[in-house]
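Residues per chain, in single letters:
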Protein chains: 4
Amino acid sequence: MKGFGSDNHSGIHPVMLQAMIDGNSDHVPSYGTDRYSEKTAVQFQDLFASPVDTYFVYNGTAANVLSLQAAMERFESVLCSDVSHLHIDECGAPEFFAGKIQTLPSKNGKIIFSEIEKYLIRKGDQHYSQPRVISITQPTELGTCYSLDEIQEISLLAKKHGLFLHIDGARISNAIHYLNTTFKTMVTDKGVDIVSFGGTKNGFAFGEAVVILNKELKKDFKFIRKQAAQLPSKSRFIAQQFSAYLKDETYLKIAAHSLKMAELLHHELAKVCLLTDLIKITQPRQSNAVFAILPKKMIKALRENFFFYVWNESTTECRLMTSWDTKPEEVHEFILQLKNLI
Amino acid sequence: MKGFGSDNHSGIHPVMLQAMIDGNSDHVPSYGTDRYSEKTAVQFQDLFASPVDTYFVYNGTAANVLSLQAAMERFESVLCSDVSHLHIDECGAPEFFAGKIQTLPSKNGKIIFSEIEKYLIRKGDQHYSQPRVISITQPTELGTCYSLDEIQEISLLAKKHGLFLHIDGARISNAIHYLNTTFKTMVTDKGVDIVSFGGTKNGFAFGEAVVILNKELKKDFKFIRKQAAQLPSKSRFIAQQFSAYLKDETYLKIAAHSLKMAELLHHELAKVCLLTDLIKITQPRQSNAVFAILPKKMIKALRENFFFYVWNESTTECRLMTSWDTKPEEVHEFILQLKNLI
Amino acid sequence: MKGFGSDNHSGIHPVMLQAMIDGNSDHVPSYGTDRYSEKTAVQFQDLFASPVDTYFVYNGTAANVLSLQAAMERFESVLCSDVSHLHIDECGAPEFFAGKIQTLPSKNGKIIFSEIEKYLIRKGDQHYSQPRVISITQPTELGTCYSLDEIQEISLLAKKHGLFLHIDGARISNAIHYLNTTFKTMVTDKGVDIVSFGGTKNGFAFGEAVVILNKELKKDFKFIRKQAAQLPSKSRFIAQQFSAYLKDETYLKIAAHSLKMAELLHHELAKVCLLTDLIKITQPRQSNAVFAILPKKMIKALRENFFFYVWNESTTECRLMTSWDTKPEEVHEFILQLKNLI
Amino acid sequence: MKGFGSDNHSGIHPVMLQAMIDGNSDHVPSYGTDRYSEKTAVQFQDLFASPVDTYFVYNGTAANVLSLQAAMERFESVLCSDVSHLHIDECGAPEFFAGKIQTLPSKNGKIIFSEIEKYLIRKGDQHYSQPRVISITQPTELGTCYSLDEIQEISLLAKKHGLFLHIDGARISNAIHYLNTTFKTMVTDKGVDIVSFGGTKNGFAFGEAVVILNKELKKDFKFIRKQAAQLPSKSRFIAQQFSAYLKDETYLKIAAHSLKMAELLHHELAKVCLLTDLIKITQPRQSNAVFAILPKKMIKALRENFFFYVWNESTTECRLMTSWDTKPEEVHEFILQLKNLI
């Protein structure tokens, strides 16, 4: 019986595992110059409908902080939400690799748009670390998605002020599926400059990609990556996983399943909410997570069979996350056990 | 037909691939708290006959620079050989993560012992970055091994001066096999403080381990690793590879094969040297590499079928490296083609 | 006619200038080993009634960031107010030298005490940059002072959680005077660990001191300072200024004058407020600054003769700062011109 | 009786002291926007016969490391001599602020020109930290000067390979005097990109300047300086010292005196050498320092009255350094005491 802890508690998706095995033949050059890496780079260009540069790195922290390092000087700042992974869960990695973090107030995980310009008024003042990047998470840490219009709006503001726009996309395919859109529409056409493109949480053994859309940012990336200890030697194994993930819209199929399971969980949980005031759904469901307040006693009992995280210790808001391998019967069993606790 | 470019041009060894597949079941906690990681940690303690702490990271650069970061303040220095990977091939990663590099003269890739103390005379002088770590590579970049006595000698000097001793062991199992010794004897008993324990070059898809023997160094390592973007989320897949590698002396079997192939290559090449003055073996063969001067013309012709690196452009000294999957017939074919070029 | 821009718009106080001249004889060793530096170090020990270690640095930014660097690892965090100089006006220097900044909500420039513990709940979690230092500014950027009880309360909380307490004391003598206390009572007895002790804003040509009260923090400070490019070669000239500043309670006399001028300004401004609703005093006056909302039109007119800063562009809250050399007639003339603008 | 320890053992030259006093009037804006700083900036442009940008910093370490930070990315390298202050005496500051140091072999303190290109062959290789700056010291740590032709040669090589050329000029005026040249000829016309222009060792209380000749390097310097804690608040006092130093060729007069004293010392010492084989002059005298091997016994006795540094503990090579305030009678007395020890 699997839990709802995180999509990185799952293993390797069979398609990606097979891709690694298929790439496991003979000798190929290391450090990204192999034929697998080259082929996958073209697939990314097709996906974004743009001559993007793609660099593989090992994990999501790396994809994020190296994206930032490429986009800002270390005396500059990145604007991000006050609940962003960058600020809360990276143990100071952005400050170590890139520069200063300036947190902005948020609602349902999304930066409040009208707050952004307040941080841009001290332009040119040498005492004030100058904002250079806006980083948004799509979907957010609270399972919500910026709409296409919201991304457009932020992007235009960024351009107006000479800032770069970064997407932390550890689960970006889920947003593509939820918004029923494409990478071209949501990213390329909106003028996003650089993307952390997630693999691990979507069925990979390991591996993420930094996708650079803005040519200004790519000049030195290979040196940045190497110095940061993120140049994979047997890069073919990340390349092969991404190749399989992008081929035949596998990324959409995996996203579709995860979101369907979250939808089922949300639907069933909403029905439970009708039975008791003790349980409350707290965030709009727009990805593969459901957030709900559960009573402490129930949390304890439920976690004996289904692991999940308490997101906010003071409100006991919990995060229930589905994965590529979540099964409907697991959702139903969880709901059943929950009902028995009322 | 495989070349002699590097042992990281090879793919995943079947034993390690199977181990990954075996670990690919259901959900387990991420970030190193899974049962696979815990089991493998015990195997490392058995291997070193010591209550070592083991931390998985993604690659060799990371294992090296995080070992150093754990052992030194950023205003301090690491002493290493002037041909060390740390100084030559890490694009400034040690300076970025850890601190200053002070290079020492070397012979056949090994630090010249009598030179070390010259760098220790300005103790306490605030203007002089204080040496805190000696880092040796075992086997070295030139395929040679420090003897057990040499390691002992360096370790005693390090302790005398309050320095830590680090081993860059990207291919450390090869040295264990060559010296016909054990990790206990070569590392633990010699008082080595911290080791970069290689996986990738020995048949892994990816993954290395930082093995901390000195308790003083482990206090904050988990934070250092996380901030450095080296905390693997699905850590079970590195753990499983190491578990299989250490089990039933797989590491020795792999090393034995690589070294046997290098021995064959060395033996056959020595015979060719008797036929012509144009080819010269340049380094003692003590690991899975053979170094030899080849004429430019031959290099060009040979590399059409067998890739290998020219180590020194001015002397045309070349590095021929064998791997876990090198076959005798590949060595013989290479020698045959070489002979045809004389 | 001098303005109310900042106390660092003023020049060198005659007492400190004479001290520099008195120290300008013959040759003395450089880098802090001269007799002047040694003598002044003893004066600091007397001032704090404690065997403190004192290190001279060039400016306030350096005193702050090197204090933090001494107290925290770079993967750790400092907690400070959201209006602190550290966060707002140091162009990312704390992140560059020390580590992550975690801002806390504030009132009148002071950290809201009840908020602190919320940032301490993820203790030991490798994903969350662990708080290690609380930094308070005394007096604050808004000219207010923490009371002795408030400092005690914060210090006890810090100790309870294993955190260090730092005071950014660019104008710390002003707080001593306002609270009618001593450095022993306000700092030493409260268990403060490290202090940035200001010189420049109190009549020096240049120079600040890092005063280390907690022995744990001093181990490597001389190397930290040197690597940070803050080791003064002709340190006697900072030493001599501090020596004169501490001798015969000069620091209190200078503080007394500045605060008296601010009191006069506050008193006169309060009278003007009775005449019009357009002007409002916004912060308690507890140091050498008066904060007030002035109408835009008046600001423009007044600044033709008296420079001062608009602190908040949206509310037009202004900061009027007095200095060691502010004269009563300058205050009166300013008030007169202000009245004429009503 | 003054020693020959260092030119930073001396105090403030009367001309610079008077300049500080003259600037000590009333209030002026801080952080470099005062009229004194603006005037001095123009003097620098006149001196270099070029629209240079000048930024004041506190000390020589800062001038050096911020020059490098402006010229290189942190994954790049600076090439400098193996006896350079940057490598030997900055406690890792260049690695902390700027990037990697690659040391080159030297003779009499000067980089051996023919060695430089060896470090430039791995252009574009992501594993090899790419050289971006050549830094020379003029005069060198061993009191020698690069000739105008040598600077030209290095500069052309730098340009050919896309590198910047930096001069560590803590005593640069001494080189100008020794070579009987001008800043225009030695620096501007040779295509030097950025200079650390020394003040402290030439009679200042404190203060150095970074002079940027290459427009490419100046874009962000004000932010680099601020984040590095090197933005002087009362900048007028550095500005005034430089203004006086540059006015009426004061810099040449001070250099002339120091070098004349070194010449006298060299001349007298050469005569002593004729009397004994135990004393040997070891470096050409081309600045304000004389290097000589003295027997250990003599060193001990001499240092009772005249402090100086033993440069090389194993050879007992000593550095005797003159200053703006060295008197002929001090030289004669030193020689007399030396003779008495033979």
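Residues numbered from 1 in each chain as written. Chains lettered and ligands numbered in written order. Predicted model: local features only at pLDDT ≥ 70, side-chain atom pairs only at ≥ 80, totals over all residues. Heavy atoms only, no water.

Chemist: How should I be thinking about the relation of the copies chain D and chain C in this particular structure?
Modeler: Between the two copies of the chain lies a rotation about an axis combined with a shift along it. By a simple turn and slide, chain D fits onto chain C: the slide is 0.0 Å along the axis, the RMSD is 0.0 Å, and the turn is 180 degrees. In symmetry terms, the pair is related by a two-fold rotation axis. Minimal C-alpha distance to the rotation axis in chain D is attained by D:Tyr58, lying at 3.5 Å. Of all interface residues in chain D, 100% are interface residues in chain C too; the two copies therefore contact each other through one and the same surface. (Least-squares fit on C-alpha atoms with pLDDT ≥ 70 in both. Contact = heavy atoms within 4.5 Å.)

Chemist: What am I meant to see in the domain arrangement of chain A here?
Modeler: Often, the extent of an interface is quoted as the loss of accessible area on bringing the components together. Residue and element names in this part refer to chain A. Each assigned domain of chain A is listed here: domain 1 (14–250) and domain 2 (252–341). Domain 1 and domain 2 are separated by 28 Å when their C-alpha centres are compared. Each side of the interface is counted separately: domain 1 has 21 residues, and domain 2 has 18 residues. Between domain 1 and domain 2 the total buried area reaches about 1800 Å² when both faces are included, carbon and sulfur atoms providing 58% of it. Run the count over domain 1 and domain 2 and you get zero salt bridges. In this structure, the connection of domain 1 to domain 2 is made through eleven residue pairs in polar contact (both at pLDDT 80 or more). Of all the elements in the fold, those that place two or more residues in the side of domain 1 that touches domain 2 are helix 1 (14–22) and helix 7 (172–178). Considering each element in turn, the side of domain 1 that touches domain 2 owes the most residues, five residues, to helix 7. Its residues assigned to classes, the side of domain 1 that touches domain 2 shows eight nonpolar, nine polar and four charged. (Domains from an automatic or database assignment. Buried area = accessible area lost by both parts, 1.4 Å probe. Salt bridge = Lys/Arg side-chain N within 4 Å of Asp/Glu carboxyl O. Polar contact = N/O pair within 3.5 Å; in protein donor to acceptor, adjacent residues only side chain to side chain. Helix = DSSP H or I, 4+ residues; strand = E, 2+ residues; numbered from the N terminus. Nonpolar A, V, L, I, M, F, W, Y, C, P; charged D, E, K, R; others polar.)

Chemist: Can you walk me through the packing of aromatic side chains in this structure?
Modeler: A complete count under the given rule lists 97 aromatic pairs over all chains for this structure. Aromatic pair C:Phe44 and C:Phe197: ring centres 5.2 Å apart, planes at 85 degrees, arrangement edge-to-face. A residue pair is termed long-range when its members are at least 10 positions apart, and C:Phe44 in helix 2 (residues 35–48) and C:Phe197 in strand 8 (residues 194–197) qualify at 153 residues. In this pair, the class of C:Phe44 matches that of C:Phe197, namely buried. With a centroid separation of 5.6 Å and 50 degrees between ring planes, the pair formed by C:Phe96 and D:Phe97 is classed as tilted. Here the residue C:Phe96 occupies a position in helix 5 (residues 93–97), and D:Phe97 occupies one in helix 5 (residues 93–97), the pair thus bridging two chains. Classification of C:Phe96 as buried rests on a relative accessible area of 12%. What links up through ring pairs into an aromatic cluster is the set A:Phe44, A:Phe48, A:Phe56, A:Phe183, A:Phe197, A:Phe204, A:Phe242, A:Tyr245 and A:Tyr251. Looking at B:Lys110, its charged tip hangs above the ring of B:Tyr146, at a distance of 5.8 Å from the centre. Here the guanidinium or amino end of D:Arg303 rests over the ring plane of D:Phe308, the centre of that ring lying 5.9 Å away. (Phe/Tyr/Trp six-rings, centres within 6.5 Å; stacked < 30°, edge-to-face > 60°. Buried < 20%, exposed > 50% of the residue type's maximum accessible area, 1.4 Å probe, protein only. Lys NZ or Arg CZ within 6 Å of the ring centre and 35° of its normal.)

Chemist: Whenever I open this one, the relation of the copies chain A and chain B confuses me. Can you help?
Modeler: Of the two same-sequence chains, chain A is brought onto chain B (RMSD 0.0 Å, axial shift 0.0 Å) by a rotation of 180 degrees. Both copies present the same face, since 100% of the interface residues in chain A are matched by interface residues at the equivalent positions in chain B.

Chemist: Looking at this model, I keep getting lost on the sheet that holds strand 6 (residues 131–137) of chain C. Mind explaining?
Modeler: All names here are of chain C. Sheet architecture is open: seven strands sit in the order 1-9-8-7-6-2-3, paired in mixed fashion. The two strands at the open ends of the sheet, each matched to only one other strand, are strand 1 (53–57) and strand 3 (100–104). Recorded for the sheet is a direction-independent mean angle of 20 degrees between the axes of neighbouring strands. Two elements, strand 6 and strand 7 (residues 164–169), share five bridges in a ladder whose sense is parallel. Across the sheet, residue threonine 137 finds its bridge partner in strand 7, namely aspartate 168. Each of strand 1, strand 8 and strand 9 (208–212) touches helix 2; the most contacted strand, strand 1, lies at about 125 degrees to it. Sitting on the sheet, helix 6 (residues 148–160) touches strand 6 and strand 7, and the angle it makes with strand 6 is about 170 degrees. (Pairing = 2+ DSSP bridges. Axes fitted to C-alpha atoms, helices over the stretch in contact; angles between N-to-C directions.)

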